[in-house]
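Structure at a glance
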Amino acid sequence: MKRKLIAAVGVAAMMTGIAACGGDSDDNASKDPKDRTESLTVWLMVDAQSTWPELVKDVNAQFNKKYPKVKVNVQYQQWADKAKKLDTALGGDKFPDVVELGNTETMQYILNGALAEIDPEKYDNSDTWIKGLKDTCTFEGKQFCVPYYAGARVAIYNKDMLKKGTGSDVLPETEAEMLTALDKVSAEYNKKDKRFSSLYLPGRYWYAAMSYVAGYGGSIAEYDEGAKEWKGNLSSPESQKGIEHFVNLVKKYNKADQTKDEQDHANVMANEKAAVLYGNGWEAGSVVDGANNGNPKLEGKIGTAGMPGPNGKALPSFIGGSDLAVTAKSKVTDLGEEWVSLFTSEKSQEVLTSKNILPNNEKQLEPLKTKPETAAVANAVPDAWFTPIAPGWTSIEKEEVLENMLLEILKGTSVADAAKKADAKINELINK
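About the thresholds
All chains use their own residue numbering, which begins from 1 and follows the written sequence. With the structure being a predicted model, the display of local features is reserved for residues of pLDDT at least 70 and the display and counting of side-chain atom pairs for 80 or more, all residues being used for whole-chain, interface and lining totals. To get the side-chain values, all heavy atoms of the structure are used, and hydrogens and water are removed first. UniProt positions are given in the numbering used here, feature names are shortened, and annotations may be inferred rather than shown by experiment. Only DSSP runs of H or I covering at least 4 residues are called helices, and only runs of E covering at least 2 are called strands; the numbering of each starts at the N terminus. Each radius of gyration is computed over the set of C-alpha atoms, and the globule rule expresses the reference value as 2.2 Å times the number of residues to the power 0.38. Under the scheme applied here, a residue whose accessible area is under 20% of the maximum for its type counts as buried, over 50% as exposed, and between as partly exposed, the area being computed with a 1.4 Å probe on protein chains only. Here a residue-residue contact requires only that any non-hydrogen atoms of the pair lie within 4.5 Å. Per-residue and other accessible areas follow the Shrake-Rupley method at a 1.4 Å probe size, with only the shown protein chains counted as cover for residues. Positive charges come from Lys and Arg alone, negative charges from Asp and Glu alone, with His and the N- and C-terminal ends not counted. All charge positions are set by atom: Lys at NZ, Arg at CZ, Asp at CG, Glu at CD. Should DSSP find at least two bridges between two strands, the strands are taken to pair. Between N-to-C directions, angles span 0 to 180 degrees; the directions come from axes that are lines fitted to C-alpha atoms, helices contributing only their stretch in contact. Cysteine sulfur atoms are paired as a disulfide whenever they fall within 2.5 Å. Here a polar contact is recorded for every N or O atom pair within 3.5 Å, except that within protein the pair must consist of a potential hydrogen donor and a potential acceptor, and residues adjacent in sequence are included only if both atoms are side-chain atoms. Put simply, the grid is 1 Å and covers the protein atoms alone, a cavity is a trapped set of points that fit a 1.4 Å probe, a pocket is an open set with protein on both sides within 12 Å along at least five of seven lines, and lining residues have an atom within 4 Å of a point. Grid points are joined across faces, edges and corners, and a volume is the space filled by probe spheres set on the points. For this analysis, a salt bridge means a side-chain nitrogen from Lys or Arg found within 4 Å of a carboxyl oxygen belonging to Asp or Glu. Working rule for angles: under 35 degrees goes down as roughly parallel, over 145 as roughly antiparallel, 65 to 115 as roughly perpendicular, anything else as oblique. The crossing is said to be left-handed when, going from far helix to near helix, the turn is anticlockwise and less than a right angle, and right-handed when the turn is clockwise. All amino acids are sorted into three groups, where Ala, Val, Leu, Ile, Met, Phe, Trp, Tyr, Cys and Pro are nonpolar, Asp, Glu, Lys and Arg are charged, and the leftover types, Gly among them, are polar. One fewer than the residue count of a helix, multiplied by 1.5 Å, yields its expected span. One number per residue, pLDDT, summarises how confident the predictor is, and it ranges from 0 to 100.

For the chain, the name recorded in an unreviewed UniProt entry is Sugar ABC transporter substrate-binding protein, with Streptomyces atroolivaceus as its organism. Its UniProt record gives the chain the following Sequence similarities (unreviewed entry) comment, quoted word for word: "Belongs to the bacterial solute-binding protein 1 family."

1. Section: the overall build of the chain
Tallying secondary structure elements over the chain gives 19 helices and 13 strands in all. Expected size for 432 residues packed as a compact globule is a radius of gyration near 22 Å; at 23 Å, the chain falls within 12% of this value. The dimensions of the chain, computed from C-alpha atoms along their principal axes, are 75 × 50 × 35 Å. Going through the 432 residues of the chain one by one, you find that 54% of them count as buried. The contacts of the chain with a sequence gap of at least 6 include a subset with a gap of at least 24, amounting to 75%. Roughly 18600 Å² of accessible area belongs to the chain as shown, and the carbon and sulfur atoms make up 49% of that amount. Separation between the mean location of the 53 positive side-chain charges and that of the 62 negative ones in the chain comes to 5 Å.

2. Remarks on the sheet that holds strand 3 (residues 98-102)
One open sheet accounts for five strands, arranged 2-1-3-13-6; its pairing is mixed. In this open sheet, the two edge strands, each paired with only one partner strand, are strand 2 (71-77) and strand 6 (146-151). Within this sheet the neighbouring strands show an average axis-to-axis angle of 20 degrees, counted without direction. Alignment of strand 3 against strand 13 (residues 320-326), held across five bridges, turns out to be antiparallel. Across the sheet, the residue bridging to E100 is L324, located in strand 13.

3. A look at the state of the cysteines
Tallied over the full model, the rule gives one disulfide. Disulfide partner of C137: C145, at an S-S distance of 2.0 Å. Handedness here is read from the sign of the S-S torsion; for C137 and C145, about -110 degrees, the answer is left-handed. The exposure class assigned to C137 is buried, which follows from its relative accessible area of 0%.

4. Points about the side chain of K82
Mapped onto the fold, K82 is located in helix 5 (residues 79-90). Given a relative accessible area of 0%, K82 falls into the buried group. Of the polar contacts made by the side chain of K82, one reaches the backbone oxygen of E100; its length is 3.0 Å. Setting aside residues no more than four positions away along its own chain, K82 makes contact with W43, M45, Q77, E100, L101, G102 and E105.

5. Here we look at unusual backbone geometry
A positive phi is found at E272, a non-glycine position, where the angle reads about 60 degrees. Within the element layout of this structure, E272 appears in the loop between helix 12 (265-270) and strand 11 (274-280). In this structure, N311 takes a positive phi of about 60 degrees despite not being glycine. With respect to the helices and strands, N311 occurs in the loop between strand 12 (302-305) and strand 13.

6. Some thoughts on the environment of N267
Following the sequence through the fold, N267 ends up in helix 12. Each C-alpha atom, one on N267 and one on G279, is 12 Å from the other, the two residues being twelve residues apart in sequence.

7. Quick notes on the layout of surface pockets
Estimated volume of the largest pocket: approximately 1000 Å³. Considering the residues around the largest pocket, the lining is formed by 33 residues, among which N280, G281, W282, G285 and I357 are closest to the centre. Only helix 3 (46-51), helix 5, strand 6, helix 13 (283-288) and strand 13 provide two or more residues apiece to the lining of the largest pocket. A total of four residues in the lining of the largest pocket trace back to one element, the largest contributor, which is helix 3.

8. A look at the pattern of salt bridges
According to the stated counting rule, one finds 20 salt bridges in the structure shown. Residue K66 pairs with E338 through a salt bridge whose shortest N-O separation is 2.8 Å. Within this pair, whereas K66 is found in helix 4 (residues 53-66), its partner E338 is found in helix 14 (residues 333-343), the two being separated by 272 residues in sequence. In this structure E338 comes out as partly exposed when scored by relative accessible area, which is 23%. What you see here is one network of salt bridges that share partners, running through R36, E38 and D334.

9. A few points about the packing of helix 4 against helix 14
Where helix 4 meets helix 14, the axes come as close as 9 Å, and the angle between the chain directions of the two elements is 135 degrees. Our classification of the angle between helix 4 and helix 14 gives oblique. The way helix 4 lies across helix 14 gives a crossing that is right-handed. Residues L55, V56, V59, N60, Q62, F63 and K66 of helix 4 pack against L335, E338, W339, L342 and F343 of helix 14. Here the contact of helix 4 with helix 14 is built from residues that sort into eight nonpolar, two polar and two charged.

10. Examining helix 14
Given 3.6 residues per turn, any residue in an α-helix points the same way as the ones three and four places further on. Of all the eleven residues making up helix 14, nine are buried; the element is thus mostly covered by neighbouring parts of the structure. Among the residues of helix 14, those classed as buried are T333, D334, L335, G336, E337, W339, V340, S341 and F343.

11. Re helix 11 (residues 237-253)
Look at helix 11: 24 Å from first C-alpha to last across 17 residues, which is about the 24 Å you get at 1.5 Å a residue. As for helix 11, its buried residues are in contact with helix 9 (175-189), strand 8 (197-200), helix 10 (206-215), helix 18 (396-410) and helix 19 (415-430).

12. Regarding the confidence of the model for the chain
On average, the chain scores 91 in pLDDT, and the residues at 70 or more come to 94%. Contacts for the low-pLDDT stretch residues 1-23, under 50 throughout, to residues beyond four places or in other chains number 60 contacts.

13. Let's talk about the sheet that holds strand 8
A sheet is described by the order of its strands in space; here four strands give the open sequence 8-11-7-12, paired in mixed fashion. Looking at the sheet topology across the chains shown, the edges are occupied by strand 8 and strand 12. This sheet shows a mean twist of 20 degrees between the axes of neighbouring strands, independent of strand direction. As paired strands, strand 7 (residues 153-158) and strand 12 are joined by four bridges and run antiparallel to one another.

14. Quick look at the environment of S354
Along the chain, the position of S354 falls in helix 15 (residues 346-354). S354 sits 14 residues away from L368 along the chain, and the two C-alpha atoms are 9.6 Å apart.

This is the structure:
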C-alpha cells in the first residue's frame, strides 16, 4: 500500500467534537426509508474513481432504491493530503460520514474516538475477513471499521533480464537459486552500466527489511503480558538475523543510491536499471504505465512471483489494504453502515476480484491463488505480517526509527548496536 503520513490529531479537541454531535436521530432512524431526507457524505480514495467507478455508481443506485430522498455525496481524496484534510474536517462541522482509511491509519482514529463501533454481523463474509485487515480495525475486542480490499508485496521482475541468469523467464522458487541467477545478471549488465541493480532494494525500505525480520521469526515489537506494555524486539537474535540479511542484500545488489526509500523503485525498473524489485502487486502495472512515468515498451515483459525468502521459504509480506469506517460524529451512522455494507458485499467484492484486486475475505481470495495474474500476491496474503497493533505505533516517528536504524547500519554501525538503539526509541514512543 502507498505510504500515508498520519498527522497528529488532538484527542481532547476531537473527543469534545464527537461528544457534542454524532449518533443517529431517533426520529430519523425510525422513519420509513422512503421518507428519509438526510445526506450522506462518503470519502473514497481516487483508486475507486479511476479503477472501479461502476461499483460506486451501482452501490449508490442500490442505496437510493431503498432511500430515494437521501443524497449520497461521494468525494474522492488523494493519499498525499487525505489525513490532513480528515483531521481538519473531524475538528470542525463539515466531516464525512463514511471514510476510507489505509490500514496503517485506522488505529490512530480508533484511539482518538473518531470512528463508530460496528457490528461485523451486518457485513458479508465477516467470518472470513482476512485477519491482517480485520486486526487493523479491532481494539479491545471491538470492531471499528470494515475491511475493504487487501494488498501484499511480491517480486516484480524483468523477464528478459532474468533469462540472462537462468535461461528462463520464471523467477526461481528459492532464494539461493534466485541470487545465483542475479549474480549472473549483474555480471552481464554491470559491464555496460555500473549503476544497474540486479536486485533493487533501497536501504531505507523498512517494509522490506521487516519482511526479512519476519522471515527469521523476529518482529518490530512484542507485547509483554507481565508488564502490560509493548517492547521493542529488534534486538532479538531472530530480528537481528533478518536485519543483517536485508542489509547484506542491499550492499551486494543495489548499485544505485542505497540511502533512498522505495518510493521510486517502479520508475527505476521502468528505466531498465533493475532486474528484480520487491514491491506492491499493483506496481507491476506502474512499471509499464506511460501516463505515470512508466515504460510501455516493457508491456508483456514484466512478471510477478512470490518473493523467495531465507531458509527455503517464501518471504513474508506486509499486509496492505484499505478499510471503511463510519465516523463517530456522523448523525446518520445507520445510513453509513448500510452504504458500507452494500459497498463491501460479496457482490461488490466480485467487482474488485474481476479487476484482480484482492478482496477483503478468504472465501473470495481463494480462486485468485490459482489465477496467473493474481497468484503471487494472493498467496502472499494469508501469512503476511503487520506492524504492532499498539496504541503508540501509528505515528510517523516509528517509521523514522526503522529507517534511521537501517541507515546507521549501512554507514557502519553494527546491527546489534543499531537494533538496541532502535528498541530504546521504540520503547519510548510506542506506549505513549
